[in-house]
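# Coordinate inspection notes
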Amino acid sequence: MEGTDVPMAVPTAVPALATEPRFAQRLRAARRRSPAQRLREELRRLLGAGWSGELERDVPHAWQRHGDLVLLSEDSFTAEPWERLGKANRTVPGPARPGPCCPHLPGFRVAGSALWETVAKALGARRVARRGRVMPDGMRSPRVTLLLGQHGWVEHVDNGIRYTFDVTKCMFSPGNITEKLRVASLPCSGEVVVDLYAGIGYFTLPFLVHAGAAFVHACEWNSHAVEALHRSLVLNGVRDRCHIHSGDSRQLHPLPSALVPAASPPLHSVPSCIPSPPLCPQLQLRDVADRVNLGLIPSSEEGWPVACRVLKKATGGVLHIHHNVETRPVPAMPQSAVLLAEQGSPEAASPGGEAQHPAQHSGEETLGARLRPEWQSWAEGTATRIQGLLAELHGRPWRSSVLHIEPVKSYAPHVHHLVLDLECRPVLPV
């Protein structure tokens, strides 16, 4: 009827695929891909007919990310075709034909940094580096090659703390995260701490930022780590509460016999095959510390006399002694026969704030709540040694008490990185 509105059937929903442009569909699909999938697809597109299963097995599934820099593992892209593509010049003479570029296939033109630019694009980075083996120079200097980018300085945030360092000059160990969190939760308010092997500030910064230390003396012999530590202290606003002692902190002058580390390592320890760095002027600290951190592996034993000297002689304090301890493989024992590790100690109280305490540890054998007999034996032997060092240094009796044994990680088969919290106090006259 004229002038009357006639109802019409109108679809209440339009299928999304019918209305979206095709590129939007591809974009949504791309966002659903994992970074590892994107990397393989981009590399397959780059290589075209040169792609093979052998090359795909050489593409990493995991990597470290530091801001806009991706750090690849040392076994990534090691096959000869990858090496050629990564080192290629801007262009290689050959027929100008369309399609992907691949230097190990004859007749292709290539862009010199095509491989690393492709990796960076696929992983959302601007710089790419590849890790090598740690150099045996006593400073754990990395062999890292910068593959794309102008410099290796990065920033990494851990537990609200900003660390900056040059990945081509300094190590960053994500495996120590549980110990960094534990240090952040220690009750250090008002204390003076000496960090004998500070590095880039793994533990110096948690002591200052979260644990509430009043002041930290940070000792470090690697000049590149010293520069990184200085920058990180500034970034976190705690530079005025830290003094950096650059150089080797070990004792140089002749010592009483009890203060000279034994030639043979203590029971169950892992001997060090790493040469010592050149000696620098002796650390000029004495009688200042409420707490000393000895975060050097495989052994911090050379620093024990220094740690004893810097402890406050009137009140003593706590030593955190890092060490790699070997554990003999043994058959599984019933739970009742296994010593249980300490679940808490006076050192485990949290001061609140941002500090976190890990609920459990990670690692191959790490380690449940088990305290291995070899660990206990090493801890007790270390406590006895330290007690003797302190008694001879000060000419009066001292006592040492094992507060806690912390398993940090499995460092190698049957070798564990441990931290001993050792309380050391002078024996007061009756």
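Residues numbered from 1 in each chain as written. Predicted model: local features only at pLDDT ≥ 70, side-chain atom pairs only at ≥ 80, totals over all residues. Heavy atoms only, no water.

## What to know about the sheet that holds strand S7 (residues 192–195)
Pairing is mixed across the open sheet formed by 7 strands, whose spatial order is S9-S8-S7-S10-S11-S13-S12. Edge strands, defined here as strands with exactly one partner in the open sheet, are strand S9 (242–246) and strand S12 (398–412). Between one strand and the next, the sheet's axes are offset by a mean angle of 15 degrees, whatever the strand orientation. Where S12 and strand S13 (residues 415–426) come together, 12 bridges link them in antiparallel fashion. Within the sheet, the bridge partner assigned to tryptophan 398 lies in S13 and is proline 426. Together, strand S8 (215–220) and S9 form the strand contacts of helix H9 (residues 223–235), whose direction differs from that of S9 by roughly 175 degrees. Where helix H11 (residues 373–394) meets the sheet, it contacts strand S11 (317–326), S12 and S13, and its direction lies at approximately 135 degrees from that of S12. (Pairing = 2+ DSSP bridges. Helix = DSSP H or I, 4+ residues; strand = E, 2+ residues; numbered from the N terminus. Axes fitted to C-alpha atoms, helices over the stretch in contact; angles between N-to-C directions. Contact = heavy atoms within 4.5 Å.)

## Here we look at the sheet that holds strand S1 (residues 64–66)
Across the sheet, which stays open at both edges, the 4 strands sit in the order S1-S2-S3-S4 with mixed pairing between neighbours. A single partner strand is all that each edge strand has here, and the edge strands are S1 and strand S4 (144–148). Put simply, the sheet's adjacent strands are angled 25 degrees from each other on average, direction ignored. Where strand S3 (residues 127–131) and S4 come together, 4 bridges link them in antiparallel fashion. Following the sheet pairing, valine 128 is matched in S4 by leucine 148.

## Re the packing of aromatic side chains
Within the structure shown, the criterion is met by 8 aromatic pairs. Between tyrosine 163 and phenylalanine 172, the aromatic rings sit 5.7 Å apart at their centres with planes inclined by 70 degrees, giving edge-to-face as the arrangement. Both residues of the pair, tyrosine 163 and phenylalanine 172, count as buried. Put simply, the rings of Tyr163, Phe165, Phe172, Tyr202 and Phe203 touch in pairs and so form one group of aromatic residues. It is arginine 231 that lies over the ring of tryptophan 153; its NZ or CZ is 3.7 Å from the centre. (Phe/Tyr/Trp six-rings, centres within 6.5 Å; stacked < 30°, edge-to-face > 60°. Buried < 20%, exposed > 50% of the residue type's maximum accessible area, 1.4 Å probe, protein only. Lys NZ or Arg CZ within 6 Å of the ring centre and 35° of its normal.)

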